[in-house]
Amino acid sequence: MANLVECKACGKEIAKGVTKCPHCGKDQRNWFMRHKIITFILTIIVLAILVNMLGGGDETTTDTNINTNQSAEKAPEEKVYQLNDVVKVNNAEVTVTKVEEKSVIGDPNFLGKEASEGATLVGVQYKLKNASDKPMGMFDQPTINLVDEKGTEYDSDIDASGAYATETGIDNSKILSDLNPGITVTGTTVYEISKESFDQGKWYIQIDNQKVQIK
């Protein structure tokens, strides 16, 4: 004798395993069996979420390992040049040969320069060589600035630089003419800065993106 169960709708006895009640026609299957396509789609979605979660966990671990390894590796130290070192910048070679601190340059009464109150004059002498195979114009030459250890840049003093060039008598740099390949000229420049600031910390001549420590 077949096993009998009650219909979920009308309560009458029906054979176990039938899909529909012969009395009321009610579908006896559960929701998942009645909606196989939706069930299949939901299963795929759940599997995709699980796979993504597992994969995301691995990725996080990998990223953590990468970050740990990167932290363990020391960042390359910035190269700092010293006086008389040849600094190669693009197509030029620059050598800072001398740096001196002065309170007066030349004759203040005749085209000279005296440091302002609380200031000092920093005179810089350097050599510039055109290391390329083409003439180098004024705008092709590297930029030279004075910087402190915080990276603050200081522009040169035009009046003091002119007086310093006259006083030293060594400046034969090109202004209006191009510097031909292989030619080396000597240049001078002066920076007026706070005496108190210059007496503290480290100071550099910055040639484009390279630094020469002068103090």
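As a starting point, this report considers the structure included with it. A quick note: this is a predicted structure, and the numbers were derived from the prediction, not measured.

## Here's the deal with a nonpolar patch on the surface
- A cluster of nonpolar side chains, contributed by Ile-37, Ile-38, Phe-40, Ile-41, Leu-42, Ile-44, Ile-45, Val-46, Leu-47, Ile-49, Leu-50 and Met-53, occupies part of the molecular surface with about 1200 Å² of accessible area.
- Topologically, Phe-40 is positioned in helix α2 (residues 36-72).

## Here we look at the pattern of salt bridges
- With the rule as written, the count across this model stands at four salt bridges.
- Between Lys-195 and Asp-199 there is a salt bridge, and its shortest N-O distance comes to 3.5 Å.
- You can call Lys-195 partly exposed: its relative accessible area is 34%.
- Judged by relative accessible area, Asp-199 falls into the partly exposed class, the value being 44%.
- One network of salt bridges, in which partners are shared, links Glu-101, Lys-195 and Asp-199.

## Observations concerning the layout of surface pockets
- Taken as a whole, the largest pocket encloses approximately 660 Å³ of empty space.
- Together, 23 residues line the largest pocket, and Tyr-126, Gln-141, Ser-156, Thr-188 and Thr-189 are the ones closest to its centre.
- Counting only elements with at least two residues in the lining of the largest pocket, the list comes to β8 (119-130), β9 (144-148), α3 (158-168) and β11 (184-194).
- When its residues are assigned to classes, the lining of the largest pocket shows ten nonpolar, nine polar and four charged.

## Looking at unusual backbone geometry
- Unusually for a residue other than glycine, Asn-84 sits at a positive phi of about 75°.
- For Asn-84, the position within the fold is in the loop between β3 (80-81) and β4 (86-89).
- Backbone geometry at Asn-90 places phi at a positive 55°, although glycine is not the residue there.
- With respect to the secondary-structure elements, Asn-90 resides in the loop between β4 and β5 (92-102).
- Classification of Asn-90 as exposed rests on a relative accessible area of 73%.

Parameters at a glance
Residues numbered from 1 in each chain as written. Predicted model: local features only at pLDDT ≥ 70, side-chain atom pairs only at ≥ 80, totals over all residues. Heavy atoms only, no water. Patch = residues over 30% accessible without salt bridge, like charges linked within 9 Å, V, L, I, M, F, W, Y side chains within 5 Å. Areas by Shrake-Rupley, 256 points an atom, 1.4 Å probe, with all protein chains shown as cover. Salt bridge = Lys/Arg side-chain N within 4 Å of Asp/Glu carboxyl O. Helix = DSSP H or I, 4+ residues; strand = E, 2+ residues; numbered from the N terminus. Buried < 20%, exposed > 50% of the residue type's maximum accessible area, 1.4 Å probe, protein only. 1 Å grid on protein atoms, 1.4 Å probe; cavity = no way out; pocket = protein on both sides within 12 Å on 5 of 7 lines; lining within 4 Å. Points joined across faces, edges and corners; volume = space filled by probe spheres on them. Nonpolar A, V, L, I, M, F, W, Y, C, P; charged D, E, K, R; others polar.

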